[in-house]
Amino acid sequence: MKIYQSDQIKNIALVGGAKSGKTTLAEAMLFEGGSIKRRGSIEEKNTVSDYRDIELDKENSVVTTVMHTVYGGKKINIIDTPGTASYVGEVVTALNVVDTALLVVDAHEGLNVGVELAWRNTSRLNVPTVFVINQIDHEKAKFDETLTQLQNAYGDKVTLAQYPVNQGTEFDTVIDLVYMKQIKYQKGGGDAEITDIPDSEKEKAEELQKLLIEAAAEGSEELMEIYFENDTLTIEQLREGIRLGIAHRKYFPVFITSAKECIGAGRILEFIALSAPRPARSPRMTKDGTKEYNSNREDNPTLFVFKTEIEPHVGEVAYFRVYGGEITEGMDMINTCKGSKERLSQLLVSNGKTRDKVTKLMAGDIGAAIKLKSVHSSDTLSDPDHKDIKLERIVYPPHKYSVAIKAKNSTDDEKMGLLLHEMHNSDPSFGVNYSRELKQLILTGMGEQHINIAKWFFDNIHKIEFDFITPKIPYRETITKSAKANYKHKKQSGGSGQFGEVYMLIQPYTEGYSHPSDLNVRKTEEYNLEWGGKLMLHNCIVGGAIDARFIPAILKGINERMEEGPLTGSYARDIVVYIYDGKMHAVDSNEISFKLAGRHAFSTAFKNAKPKIMEPIYDVEVFVPEEMMGSVMTDLQGRRAIIMGMGAEGHYQKISAKVPLAEMDRYSTSLSSLTSGRGNFIMSYDEYKAVPSDVQKELLKKYEEEEAKNED
Ligand SMILES: Nc1nc2c(ncn2[C@@H]2O[C@H](COP(=O)(O)OP(=O)(O)OP(=O)(O)O)[C@@H](O)[C@H]2O)c(=O)[nH]1
Ligand SMILES: [Mg+2]
């Protein structure tokens, strides 16, 4: 394959709502660019992009797919992304490494939640965006309404570059406002007939072209001046204005397609080749913020791995974008994030599962490598002279859904763990973590469907039986008043015995607490607990009643009990302990005796100190269309939420609330069904708070029942 220079490369991602036609459009583009001889379809299960078993089974995209074609002498790298909302991690991956997004809008759906989500991601990641209104051939296509919705939502810089002359099943003709020509297509592809604009369309076309020229003139001051002077722009000036406007997200052109009938895909490729931003438009910073890599050939060879995927019969494939220099086959590189050596024994460019060898890739290009030793998403590979170059990692949205998973047969545990880690490596927005505290393997993701990918693989490929379980809540225990207790551990068996006695007082920890007046604190130890909160230990022993060397053993006993709180077995926190008296025996006292005495005394004191169960409270921000506020609020109140505020945020209303984690189980699914998928939310940990007394009662009862079951 030919080697393409940085300025001959364009990188685009197809984003948008589910089933808008992204994969079909990618297929049409590959066909128009001559990369495939025959177009596949979703229905026939033979598209280049949706080739994985899970995609063939579900008939939609699940994973980003890298493809490329050539048009007008430019290599166009195309990344197709899934539109299903909870696969958003894949969209974020793609948008991190492309220079333009094609936001595909389904003409009979109009502006739906998928379009809104895609728009939010392109604007958050500042990716230049071109709208493609697809499915104009659909019998229910409503082009004008869709355009108005887009302009109302995203402003009048959403400007037509084309418009359809007809729509619905007869659709075959568009007016191109850049060329000011009519293009009549043959359904299914083939040469289009380009003619002058007929009189019947002239007035409309001129009016719309004026809007296009005005938008383009805003691309630069120079063009603005030319426009004021001449009241128009030449086609070159128009192109320049469009190019600048897109690159700075000041202008969002709208194109028209029927991907299914292969109408319009070639024109978009031509537009991308001529007017879409170059790779230099999207630099990537180093993690330490000292250098920006902007796809410059003069820089040292640097590539950024944005995705890895294990493929049957091939092994792990690493997809990367070159951000500096040129990369050649056989090159030795350093994985700067891991400090390991990697040889690029094969350089590849891919079209779905088809991969071709290349000898060289220039800065700005996208390629793949196989047989690397240890490379993960967001790793940087650099030449051995630049071991410290680490490019900024991809940042994924916080997870919205979590579930605990348990293999039905414990012999599957290890295999299941490995497979889940593989999934995480290939899609870092899918998390897997063993919680030592909860003793559960927790999966986290962007939504229920995201987590269900694991289910699909276990059911269909690996045949592992498992259960999804509601994750336990990491409760905490603490006390609300002070209490005293003592415990004597005494055991006599044969020769030497065990003896230790401890007197302690405990009280709640709050900042600036004061000591009881009758105790004389001799030594203080402060511990920041691993699970949050504090333990303060005060030694108030007088007259050597307990030797100082036994204090660590007492602390150990207390710690053991704090790790498994006396109420429900949850971690205890925020407690002040005073050890003020005790007894020891010259021969029989040892560490184990004092550990046990400390543990029991603490346990009794804890139970007498009006203990409370605390639960994690989360700050939750919910974004909903105004008309759905009522039902979302009612639902939140049913979740013991405290509403902190409400206000407009863009086209949405934002509700801020504090909600107990225990009430957030499957919230993404509930919110989605309450708002027909339009609602969105983020949540972050805020603080621990005591649970209401009825909840405490219930939790105590549940714990007792579980304990009784375990003893049976
Ligand atoms: N009538 C019509 N149908 C289309 C067009 N483009 C795609 N379709 C159909 O719409 C359905 C979805 O197409 P896909 O290409 O899978 O859409 P997608 O956006 O990739 O979907 P996800 O990957 O699930 O996000 C399929 O049945 C296609 O045949 C079009 O231009 N016109
Ligand atoms: Mg798709």
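None of these values were measured; they are calculated from a predicted model.

## What about the overall build of the chain?
Of the regular secondary structure elements, the chain holds 16 helices and 38 strands. Its C-alpha atoms give the chain principal-axis dimensions of roughly 110 × 60 × 55 Å. Residues classed as buried in the chain amount to 55% of the 712 residues present. Here the contacts in the chain between residues at least 6 apart in sequence split such that 70% fall between residues at least 24 apart. Just so you have it, the chain exposes about 31,500 Å², and 47% of that area is on carbon and sulfur atoms. Of note, the chain has its 88 positive side-chain charges centred 6 Å away from the centre of its 105 negative side-chain charges.

## Remarks on the nonpolar core
Grouped together as the largest cluster of nonpolar side chains are 102 residues, with contacts concentrated most on M29, L102, F131, L150, Y154, I242 and F306. The greatest single-element share of this core, amounting to seven residues, is contributed by helix α6 (residues 199-217). Two domains each put at least three residues into this core: domain 1 (6-167 + 249-281) and domain 2 (284-382). Residues within four places of F131 in sequence aside, it is in contact with L103, V105, W119, L150, Y154, V158, F252, P253, V254 and F255. Formed by 57 residues, the second largest nonpolar core is a distinct cluster that contains I479, A545, I546 and F594.

## Quick word on the site of ligand 1
By nearness alone, 20 residues border ligand 1, and K22, T24, E43, S61 and D137 come closest of all. A distance of 3.1 Å separates an oxygen atom of ligand 1 from a polar atom in the backbone of S20. At 2.7 Å, a side-chain N or O of K22 approaches an oxygen atom of ligand 1. Look at ligand 1: alone it shows 650 Å² of surface, and the protein chains cover 92% of it. Among the residues making up the shell around ligand 1, the classes are represented as four nonpolar, 11 polar and five charged.

## Observations concerning the domain arrangement of the chain
It is common to give the size of an interface as the accessible area that goes away when the parts come together. For the chain, the assigned domains read domain 1 (6-167 + 249-281), domain 2 (284-382), domain 3 (401-468), domain 4 (477-609) and domain 5 (615-694). Between domain 1 and domain 4, the C-alpha centre-to-centre distance is 65 Å.

## A look at the sheet that holds strand β11 (residues 252-256)
Strand order in the open sheet formed by seven strands is β2-β3-β1-β4-β5-β11-β6, and the pairing between neighbours is mixed. Each edge of the sheet is formed by a strand with only one pairing partner; in this case those strands are β2 (65-71) and β6 (158-160). With direction set aside, neighbouring strand axes in the sheet form an average angle of 30°. When strand β1 (residues 9-16) meets strand β4 (residues 100-106), the two strands line up parallel, connected through five bridges. Considered in β4, the bridge of G16 is made with V104. Running over the sheet, helix α3 (residues 88-97) touches β1, β3 (74-80) and β4 and is turned about 155° from β1.

## Describing the pattern of salt bridges
Inspection of every chain in the model, using the stated rule, returns 43 salt bridges. In this structure, E311 engages R355 in a salt bridge whose closest nitrogen and oxygen atoms are separated by 2.9 Å. Taken together, the residues E311 in strand β14 (residues 302-311) and R355 in strand β20 (residues 354-358) connect sequence positions 44 residues apart. By the burial criterion, E311 is buried, and R355 matches it. When salt bridges that share partners are traced, they join R52, E55 and E309 into one network.

## Quick look at the coordination of the magnesium ion (ligand 2)
For the magnesium ion (ligand 2), every protein donor is listed as T23 (OG1) and S61 (OG), and the spread of their distances is 1.9 to 2.0 Å. Taken together, the residues T23 in helix α1 (residues 22-32) and S61 in the loop between α2 (53-58) and β2 connect sequence positions 38 residues apart. Residue T23 is classed as buried on the basis of its relative accessible area, which comes to 7%.

## A word on the pairing of strand β35 (residues 611-624)
Counting buried residues in β35 gives 11 out of 14 residues, a clear majority hidden from the surface. Two strands pair when backbone bridges link them, and strand β28 (residues 476-479) and β35 are joined in this way by four bridges, in the antiparallel orientation. Residue pairing in the sheet places T478 in a bridge with K612 of β35. Relative to strand β37 (residues 652-660), β35 runs antiparallel, the two sharing eight bridges. Looking across to β37, one finds that V622 is bridged to I655.

## Concerning the sheet that holds strand β34 (residues 575-583)
Strand order across the open sheet formed by five strands is β29-β30-β34-β32-β31, with mixed pairing between neighbours. Every interior strand has two partners, whereas the edge strands, β29 (483-491) and β31 (523-528), have only one. In this sheet, neighbouring strand axes are inclined to one another by 20° on average, regardless of whether the strands run parallel or antiparallel. For β31 and strand β32 (residues 534-539), the ladder comprises six bridges, and the chain directions are antiparallel. Counted as the bridge partner of Y527 is L535 from β32. Along the sheet, helix α13 (residues 591-608) makes contact with β29, β30 (498-508) and β34, crossing β30 at roughly 35°.

## What about a nonpolar patch on the surface?
Judged by side-chain polarity, Y179, I235 and L274 come together as a nonpolar surface patch covering roughly 230 Å² of accessible area. Exposure remark for I235: the relative accessible area of 30% places this residue in the partly exposed category.

## Regarding the side chain of D574
In this structure, D574 sits in the loop between β33 (571-572) and β34. Relative accessible area serves as the criterion here: at 13%, D574 is assigned to the buried category. For D574, the side chain forms a polar contact with the side chain of R573, separated by 2.9 Å. Residues within four places of D574 in sequence aside, it is in contact with T478, P508, Y509, L529, G533 and K534.

## Let's talk about the packing of aromatic side chains
What characterises a pair of aromatic rings is the spacing of the ring centres plus the angle enclosed by the ring planes. Counted by the stated rule, this structure contains 18 aromatic pairs. Geometrically, the ring pair formed by F466 and F468 is edge-to-face, given 4.9 Å between the ring centres and 65° between the ring planes. Assessed through its relative accessible area of 26%, F468 is described here as partly exposed. Geometrically, the ring pair formed by Y667 and F681 is edge-to-face, given 5.0 Å between the ring centres and 80° between the ring planes. Here Y667, found in helix α15 (residues 667-674), pairs with F681, found in strand β38 (residues 680-690); they are 14 residues apart in sequence, far enough to count as distant.

## With respect to the pairing of β2
Of all seven residues in β2, five are buried, a share of seventy percent or more. Of the pairings in the sheet, the one linking β2 to β3 comprises seven bridges and is antiparallel in character. Among the inter-strand pairings, M67 is bridged to a residue of β3, identified as I78. Joining the antiparallel neighbours β2 and β3 is a turn of two residues, in which G72 adopts a positive phi near 55°.

## Examining α13
Between its first and last C-alpha, α13 extends 26 Å over 18 residues, near the 26 Å set by a 1.5 Å rise per residue. Along α13, the residues that are buried comprise S593, F594, K595, A597, G598, A601, F602, S603, A605 and F606. K610 lies just past α13 and shows a positive phi near 45°.

## Concerning the packing of α6 against helix α8 (residues 235-247)
Two elements in contact, α6 and α8, have axes whose closest approach is 8 Å; the angle formed by their N-to-C orientations is 60°. Here α6 lies oblique to α8, going by the angle between them. The crossing of α6 and α8 is left-handed. Only L238, G241 and I242 of α8 make contact with α6, whose side of the interface consists of Q209, L212, I213 and A216. Broken down by class, the residue content of the contact of α6 with α8 amounts to five nonpolar, two polar and no charged.

Calculation notes
Every chain's residues receive numbers from 1 upward, in the order its sequence appears when written. Chains and ligands are labelled by the order in which they are written, letters from A for the one and numbers from 1 for the other. Restriction of local features to residues with pLDDT of at least 70 applies here, the model being predicted, together with a cutoff of 80 or more for giving and counting side-chain atom pairs; totals for whole chains, interfaces and linings are based on all residues. Note that the side-chain values use all heavy atoms of the structure and ignore hydrogens as well as water. Secondary structure elements are defined from DSSP: runs of H or I of at least 4 residues count as helices, runs of E of at least 2 residues count as strands, and each element is numbered from the N terminus. Residue exposure (1.4 Å probe, protein chains only): buried if accessible area is under 20% of the type maximum, exposed if over 50%, otherwise partly exposed. In what follows, a contact means two residues having at least one pair of non-hydrogen atoms within 4.5 Å. Only the protein chains shown count as covering a residue, and every accessible area follows the Shrake-Rupley method with a 1.4 Å probe. The charge count includes Lys and Arg as positive and Asp and Glu as negative, but it does not include His or the ends of the chains. By convention, the charge on Lys lies at NZ, on Arg at CZ, on Asp at CG and on Glu at CD. Put simply, buried Ala, Val, Leu, Ile, Met, Phe, Trp, Tyr and Cys residues joined by side-chain atoms within 4.5 Å make one nonpolar core. Boundaries between domains were set according to an automatic or database domain assignment. By convention in these notes, a residue is near a molecule or strand provided one of its non-hydrogen atoms lies within 4 Å of it. Definition of a polar contact: a pair of N or O atoms within 3.5 Å, with one able to donate and the other able to accept a hydrogen when the atoms are protein atoms, and with sequence-neighbouring residues admitted only if both atoms are side-chain atoms. Amino acids are sorted into nonpolar (Ala, Val, Leu, Ile, Met, Phe, Trp, Tyr, Cys and Pro), charged (Asp, Glu, Lys and Arg) and polar (every other residue, Gly among them). A pair of strands is considered paired only if DSSP assigns at least 2 bridges between the two. Each axis is a line fitted through C-alpha atoms, taken for helices only over the stretch in contact, and angles between the N-to-C directions span 0 to 180 degrees. Any carboxyl oxygen of Asp or Glu that lies within 4 Å of a side-chain nitrogen of Lys or Arg is treated as forming a salt bridge with it. With water omitted from the atoms examined, metal sites may look incomplete; donors here are N, O and S atoms no farther than 2.8 Å from the metal, or 3.2 Å in the case of Na, K and Ca. Note on patches: the residues involved have over 30% relative accessible area and no salt bridge, like charges join within 9 Å, and the nonpolar side chains Val, Leu, Ile, Met, Phe, Trp and Tyr join within 5 Å. Working definition: rings of Phe, Tyr and Trp (its six-membered ring) pair if their centres are within 6.5 Å, and the pair is stacked with planes under 30 degrees apart, edge-to-face with planes over 60 apart, and tilted otherwise. Between the first and last residue of a helix there are one fewer steps than residues, each counted as 1.5 Å, and that sum is the expected span. Oblique is the label for any angle not covered by the other classes, which are roughly parallel (under 35 degrees), roughly antiparallel (over 145) and roughly perpendicular (65 to 115). Working rule for handedness: look at the near helix, and if it is turned counterclockwise from the far one by less than a right angle, call the crossing left-handed; if clockwise, right-handed.

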